[in-house]
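# Residue-level structure breakdown
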Amino acid sequence: CVEEGGCVTTHDYGWYVFAKESAPGSGTQVEIGDTVEYTVTVTQEGPGMVEGASLVDDLSAVLDDASYNDDVTASAGEVSVEDGVLRWSGDLEVGQVVTISYSVTVTGGGDGTLANVVTSEDPRAPECAEEGGCVTTHEYGWFTYAKAAAPEAGSQVEIGDTVEYTVTVHQHGPVGIEGASVTDELSAVLDDASYNDDAAASSGEVAIEDGVLSWSG
C-alpha cells in the first residue's frame, strides 16, 4: 500500500431493538377499575451510536376499554401520547437502554380486549427483541342484569294472586367473570305479600334473607 494503513477503511454502525411488557403480564385477565402498567425498552446494539431512533405504540385498541393516566415518562429522548398514539424518539449511545413507562385504568365500554403492539419504521430497528415480545393483550368481562314479572310490571293484582319474578344475569365480553353478584330488595313487596320460599337459580348461589334476595356466581 502507498502508506501504512492507507488501504484499510473501517466504518461502525449501530442498530436497536425494542420490547414491551406489562403488569399484570400479557394474557392476564383484568377487571374494570384495574390499572395496567406498560414498560417499553429500547436497547442499542452494535459498535456505533444511533441518532434519531424512534418507535410508535398505537393505543387505540386499549383506549376503547381504558383511560390513559397521563403519566408517560422516558429515561431519555422525547415521548408523548397524542390522539391515542405513543411516540418516542431519541439518540442512543453504545450500549444504552431507554425505558418508557405509562399506565391505563380499565373502564369498560369497549370490546373487552386491551391489545397493542410497539412498532418502528426505522430500518435500524428491524424487529422486536423477541418474537411476540412487543405485543400485550388483556381481556375482561362484564355483566348486565334485568328483571321481569308475571303478571308484568304495572298490572293490577288482587289478594290471593301469585306474582312470579325472573331475574336474568347476562355475561358479556371475551372472558368469564368470577364473583358476580346482584341483590333484589324485597321489603316493599313483602309488606304486601308473603314469600313462597321458592327462589331458584340456574347457576350460582341464591338466598333470601331479611327480605333481600342475594345471588352470586
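Everything below is about the structure printed above this text.
Here is a short report on the structure shown in this document. (Residues numbered from 1 in each chain as written. Predicted model: local features only at pLDDT ≥ 70, side-chain atom pairs only at ≥ 80, totals over all residues. Heavy atoms only, no water.)

### Here's the deal with the sheet that holds strand E14 (residues 205-209)
Inclusion rule: Strand pairing is assigned whenever DSSP detects at least two bridges linking the two strands. Only runs of H or I of at least four residues qualify as helices and only runs of E of at least two qualify as strands under DSSP, and these elements are numbered from the N terminus. Here, axes are lines fitted to C-alpha atoms. For helices the fit covers the stretch in contact, and angles between N-to-C directions go from 0 to 180 degrees.
Spatial strand order, E13-E15-E14: 3 strands in an open sheet with antiparallel pairing. This sheet does not close on itself; its edge strands, each paired only once, are strand E13 (181-185) and E14. The mean inter-strand angle of the sheet, taken between neighbouring strand axes irrespective of direction, is 15 degrees. Pairing of E13 with strand E15 (residues 212-216) involves 5 bridges; the strand directions are antiparallel. Note that in E15 the partner of Asp 184 across the bridge is Leu 213.

### Focus: the environment of Ala 148
What counts, and what does not: Think of it in three bands: residues with accessible area under 20% of the maximum for their type are buried, residues over 50% are exposed, and the middle band is partly exposed, with areas taken using a 1.4 Å probe on protein chains only.
Structurally, Ala 148 is set in strand E11 (residues 142-150). Here Ala 148 falls in the partly exposed class, since its relative accessible area comes to 43%. Sequence separation between Ala 148 and Val 189 is 41 residues; the distance between their C-alpha atoms is 14 Å.

### Remarks on the state of the cysteines
Put simply, the test is: Any two cysteine sulfur atoms within 2.5 Å of one another count as a disulfide.
Enumeration according to the criterion identifies 2 disulfides in this entry. Linked covalently through their sulfurs, Cys 1 and Cys 7 form a disulfide whose S-S length is 2.0 Å. Residues Cys 1 and Cys 7 are joined by a disulfide whose S-S torsion is about 95 degrees; by sign, that bridge is right-handed. Across the pair, exposure class does not vary: Cys 1 and Cys 7 are exposed alike. Disulfide pairing places Cys 128 opposite Cys 134 at an S-S distance of 2.0 Å. Sign of the S-S torsion, about 100 degrees for the bond between Cys 128 and Cys 134, identifies this disulfide as right-handed. Assigned by exposure class, Cys 128 and Cys 134 land together as buried. Described in terms of the sequence order of its bonded cysteines, the disulfide pattern of the protein chain is 1-2, 3-4.

### Here's the deal with the packing of aromatic side chains
Note the cut-off: Aromatic rings from Phe, Tyr and Trp, taking only the six-membered ring of Trp, are treated as a pair when their centres fall within 6.5 Å; an angle between ring planes under 30 degrees marks them as stacked, one over 60 as edge-to-face, and anything in between as tilted. Put simply, a charge is over a ring when the Lys NZ or the Arg CZ is close to the ring centre, within 6 Å, and near the line of the ring normal, within 35 degrees.
This structure, assessed with the given rule, holds 4 aromatic pairs. With a centroid separation of 5.6 Å and 40 degrees between ring planes, the pair formed by Tyr 140 and Trp 142 is classed as tilted. Taking the relative accessible area as the measure of exposure, Trp 142 reaches 25% and is therefore partly exposed. Positioned above the aromatic ring of Tyr 38, the side-chain terminus of Lys 20 is 4.4 Å from the ring centre.

### Things to note about the environment of Ser 67
To keep it simple, the criterion reads: Residues are treated as being in contact if the distance between any of their heavy atoms lies within 4.5 Å.
Looking at the secondary structure, you find Ser 67 in strand E4 (residues 66-68). Of the residues examined, Ser 67 reaches a relative accessible area of 31% and is grouped as partly exposed. What Ser 67 contacts, discounting residues up to four positions off in sequence, is Ser 103, Val 104, Thr 105 and Thr 107.

### Section: the pattern of salt bridges
The cut-off we apply is this: Between Lys or Arg on one side and Asp or Glu on the other, a salt bridge is scored when a side-chain nitrogen of the former is within 4 Å of a carboxyl oxygen of the latter.
Here the structure, examined in full by the defined rule, presents 3 salt bridges. A salt bridge links Arg 124 to Asp 122, with the nearest nitrogen and oxygen atoms 2.8 Å apart. When its relative accessible area of 10% is taken as the criterion, Asp 122 is described as buried. One salt bridge in this structure joins Lys 147 and Asp 184, with 2.6 Å as the shortest N-O distance.

### Observations regarding the side chain of Ser 103
What counts, and what does not: Two N or O atoms count as a polar contact when they lie within 3.5 Å, although within protein this holds only if one can serve as hydrogen donor and the other as acceptor, and sequence-adjacent residues are included solely when both atoms are side-chain atoms.
Of note, Ser 103 is situated in strand E8 (residues 97-106). Within the local environment of Ser 103, its side chain forms a polar contact with the side chain of Asn 69, the two groups lying 2.9 Å apart. In this structure the side chain of Ser 103 is engaged in a polar contact, spanning 2.5 Å, whose partner is the side chain of Asp 71. Among residues more than four places away in sequence, those in contact with Ser 103 are Thr 35, Val 36, Glu 37, Ser 67, Tyr 68, Asn 69 and Asp 71.

### With respect to the sheet that holds strand E9 (residues 113-119)
Within the open sheet, the 5 strands sit side by side as E6-E7-E3-E9-E10. Their pairing is antiparallel. Here the strands that pair on one side only, and so sit at the sheet edges, are strand E6 (78-82) and strand E10 (135-139). The mean angle between the axes of side-by-side strands here comes to 10 degrees, regardless of whether they run parallel or antiparallel.

### A few points about a nonpolar patch on the surface
What counts here: To count toward a patch, a residue needs a relative accessible area above 30% and no salt bridge. Like charges then connect within 9 Å, nonpolar side chains (Val, Leu, Ile, Met, Phe, Trp, Tyr) within 5 Å. In this description, accessible areas are obtained by the Shrake-Rupley approach with a 1.4 Å probe, and a residue is regarded as covered only by the protein chains that are shown.
On the surface, Tyr 145, Val 167 and Val 169 cluster together to form a nonpolar patch covering roughly 280 Å² of accessible area. Here Val 167 is to be found in strand E12 (residues 164-172). By relative accessible area, which is 37% here, Val 167 ends up partly exposed.

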